[in-house]
Amino acid sequence: MTLALAGSGIVVAAAMFLAAAAVAGAGSLDVIDFPSSRDLAPVGLVSVAWISLMYMFLYGQSAAVFYTYKNTRAKGESKRLVEGKDGEAAPPSFAAIKYRGKGSRINLAASRTVGNMIEQALPFLLSLWMHAIFVSPDNAAVAGWVWLGFRAIYPLVFLKGLPWLLISTVPGYAVVLYLVGGVIVKMA
């Protein structure tokens, strides 16, 4: 299933690239009337919300590390996580939990949430603003709020695993495709 998902992503990305290249090669772009700053304000708010969500995820990642560090030391779980000098069990260091992934599934979920947000930042933000400028600021803003809503549940569905994780990711991909597709159609 993972290979099929990766393959489908490659096919979609290649199709978007070819469509954009075809439009660029057609040379039929007219002068664009840029929206006013007032028209773009809703998209600006979506961008501010994206930044806020990113910081919430970053703080959540730090909180997960502190939580795991505290609990592994308090519960004695540390004896199963790391061996100390002379092969004896030793509590994990804070760095081992934060940077080497020692610890809990909560740490993994928090780290993957931040990682996925970073991975999706460029496609989302670029497609959001391109759609706002070239197609419709209002439609871009609505699509942006939808994307943020599905992204906000990512940490929860990550903990549940597949197929639940797809509830957050697939709609996000669909929103980006909608935004980019609108730009490609407009430019054709």
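This one's a predicted model, so the numbers in the text were calculated from it and none came from an experiment.

1. A short note on the overall build of the protein chain
Step number 1: A tally of helices and strands in the protein chain yields eight helices and zero strands.
Step number 2: Secondary structure elements of the protein chain, listed N to C terminal, follow the sequence α-α-α-α-α-α-α-α.
Step number 3: Expressed as a percentage of the 188 residues in the protein chain, the buried residues total 32%.
Step number 4: By sequence separation, contacts in the protein chain at least 24 residues apart represent 75% of the contacts at least 6 residues apart.
Step number 5: With an accessible surface of roughly 11300 Å², the protein chain has 68% of that area assigned to carbon and sulfur atoms.

2. Quick notes on the packing of helix 5 (residues 105–134) against helix 6 (residues 137–152)
Step number 1: At a minimum axis separation of 8 Å, helix 5 and helix 6 run at an interaxial angle of 165 degrees. The orientation of helix 5 relative to helix 6 falls into the category roughly antiparallel. Crossing of helix 5 against helix 6: the hand is right-handed. Mapping the contact onto sequence places Asn116, Met117, Gln120, Phe124, Leu128, His131 and Ala132 in helix 5 and Pro137, Asn139, Ala140, Gly144, Trp147 and Arg151 in helix 6.
Step number 2: Taken together, the residues that form the contact of helix 5 with helix 6 break down as seven nonpolar, five polar and one charged.

3. Comments concerning the pattern of salt bridges
Step number 1: Throughout the structure, instances matching the rule amount to one salt bridge.
Step number 2: Among the ionic pairs, glutamate 119 bridges to arginine 112, the shortest N-O distance being 3.0 Å.
Step number 3: Judged by its relative accessible area of 45%, glutamate 119 falls in the partly exposed class.
Step number 4: Given the relative accessible area of 28%, arginine 112 is considered partly exposed.

4. Quick notes on helix 5
Step number 1: Here helix 5 spans 42 Å end to end across 30 residues, near enough to the 44 Å set by a 1.5 Å rise per residue.
Step number 2: Along its length, helix 5 shows its largest kink, about 45 degrees, at alanine 121, and proline proline 123 lies within four residues downstream of that point.

5. Notes on the environment of glycine 172
Step number 1: In this fold, glycine 172 is placed in helix 8 (residues 166–187).
Step number 2: For glycine 172, a relative accessible area of 3% corresponds to the buried category.
Step number 3: Considered as a pair, glycine 172 and valine 146 are 26 residues apart in the sequence and their alpha carbons are 8.0 Å apart.

Conventions we followed
- Residues numbered from 1 in each chain as written.
- Predicted model: local features only at pLDDT ≥ 70, side-chain atom pairs only at ≥ 80, totals over all residues.
- Heavy atoms only, no water.
- Helix = DSSP H or I, 4+ residues; strand = E, 2+ residues; numbered from the N terminus.
- Buried < 20%, exposed > 50% of the residue type's maximum accessible area, 1.4 Å probe, protein only.
- Contact = heavy atoms within 4.5 Å.
- Areas by Shrake-Rupley, 256 points an atom, 1.4 Å probe, with all protein chains shown as cover.
- Axes fitted to C-alpha atoms, helices over the stretch in contact; angles between N-to-C directions.
- Parallel < 35°, antiparallel > 145°, perpendicular 65-115°, else oblique.
- Left-handed = near helix turned anticlockwise from the far one by under 90°.
- Nonpolar A, V, L, I, M, F, W, Y, C, P; charged D, E, K, R; others polar.
- Salt bridge = Lys/Arg side-chain N within 4 Å of Asp/Glu carboxyl O.
- Expected span 1.5 Å × (residues − 1).
- Bend = angle between axes of the 7 residues up to and from the residue.

Geometry only, nothing functional implied.
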